[in-house]
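What follows is the residue order along each chain.
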Amino acid sequence: MGLLGDLERAFASAIYPNRGLIAIIGVLVIAGLAYVGWRRRWDLAARRHPRGTIVGLLIAITILGSSGWYLGSPLVLSRAIDEPPPIAGANSPPRGAVSSTPSPARTATPTGPATSAPGLDERSGSFSGADEFHFGRGTARLIETAPGGYTVRLEDFAVRNGPDLFVYLSPSAEGYADGAIELGSLKADRGNQNYDVPAATDVESVQSVVIWCKQFAVLFATALLD
């Protein structure tokens, strides 16, 4: 998939910013080919070999249609989600505190922000897209919901939709890097959403939250954590 990833990056860095000019050139090229085909009577060759022409068209439509839908449908399809914030510190005393009675459970509401309990940590950062095409916005929060237990929350989040997008915790401030920790497939390209951090994760080494296309190895967005 390296070639497809390179093509996608080329599209994002060169083709997309110049899409208007390229569209005009494309229309002119198609018109030129149609004129050449008309002058050389390519239609006569197709009529002489109707079965081969039909089979070739069906194969081309199947391959181009399926691959085009897989790669292009995320650009026109979108999904929103609104998960309630995690319960920070629920049923857990602050670090260093001793409690003789269990703490009552706290209820989270979908509209209220998650609030770290005393003694628990939180880091956050704002998303930025990898380029003009791969936009990203919103806030990433790494919330300690209990001593040693963490959740990543994406708030007011939006990103360019794409195939095979995943959420990672990265040891690099620049985005995805070796050793990045996968939190799961991106649930939606818009809205508020939570991802549990695997137990025993070294969160001290985490520098950013990353939206990464796993299949084509393309960076979509990065939130540098403070």
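Remember, it's a predicted structure, so these values are computed and weren't measured experimentally.

Draft legend 1. Representation of the overall build of the chain in the model. Regarding its fold elements, the chain presents 4 helices and 9 strands. Starting at the N terminus, the α and β elements of the chain follow one another as α-α-α-α-β-β-β-β-β-β-β-β-β. Within the chain, buried positions represent 37% of all 226 residues. At a minimum sequence separation of 6, the contacts of the chain that also span at least 24 residues come to 65%. For the chain, the accessible surface area stands at approximately 13200 Å², while carbon and sulfur atoms represent 62% of it.

Draft legend 2. Fine view of the environment of phenylalanine 133. Inspection of the secondary structure puts phenylalanine 133 in the loop between strand E2 (122-129) and strand E3 (136-146). You can call phenylalanine 133 buried: its relative accessible area is 5%. Along the chain, phenylalanine 133 and arginine 160 lie 27 residues apart, while their C-alpha atoms are 7.4 Å from each other.

Draft legend 3. Geometry of the sheet that holds E2. Read across the open sheet, the 9 strands follow the order E1-E7-E4-E3-E2-E9-E8-E5-E6; overall the sheet is mixed. Strand pairing shows two members of the sheet lacking a second neighbour, strand E1 (80-82) and strand E6 (181-185), which therefore form its edges. Here the strands of the sheet are splayed against their neighbours by 30° on average, with no regard to which way each runs. Relative to E3, E2 is paired through 5 bridges, and the arrangement is antiparallel. Residue pairing in the sheet places serine 126 in a bridge with threonine 139 of E3.

Draft legend 4. Fine view of the confidence of the model for the chain. With 70% of its residues at a pLDDT of 70 or more, the chain shows a mean pLDDT of 79. Within the model, the stretch residues 91-111 combines pLDDT values under 50 with 24 contacts to residues more than four positions away or in other chains.

Draft legend 5. Just the packing of aromatic side chains, in detail. The final tally for this structure, using the stated rule, is 3 aromatic pairs. Here the aromatic rings of tyrosine 176 and tryptophan 212 are separated by 4.1 Å at their centres, their planes lie at 10°, and the arrangement is stacked. Taken together, the residues span a long stretch of sequence, with tyrosine 176 in the loop between strand E5 (165-170) and E6 and tryptophan 212 in strand E8 (residues 208-213) at a distance of 36 residues. Classification of tyrosine 176 as partly exposed rests on a relative accessible area of 33%.

About the cut-offs
- Residues numbered from 1 in each chain as written.
- Predicted model: local features only at pLDDT ≥ 70, side-chain atom pairs only at ≥ 80, totals over all residues.
- Heavy atoms only, no water.
- Helix = DSSP H or I, 4+ residues; strand = E, 2+ residues; numbered from the N terminus.
- Buried < 20%, exposed > 50% of the residue type's maximum accessible area, 1.4 Å probe, protein only.
- Contact = heavy atoms within 4.5 Å.
- Areas by Shrake-Rupley, 256 points an atom, 1.4 Å probe, with all protein chains shown as cover.
- Pairing = 2+ DSSP bridges.
- Axes fitted to C-alpha atoms, helices over the stretch in contact; angles between N-to-C directions.
- pLDDT = per-residue confidence, 0-100.
- Phe/Tyr/Trp six-rings, centres within 6.5 Å; stacked < 30°, edge-to-face > 60°.

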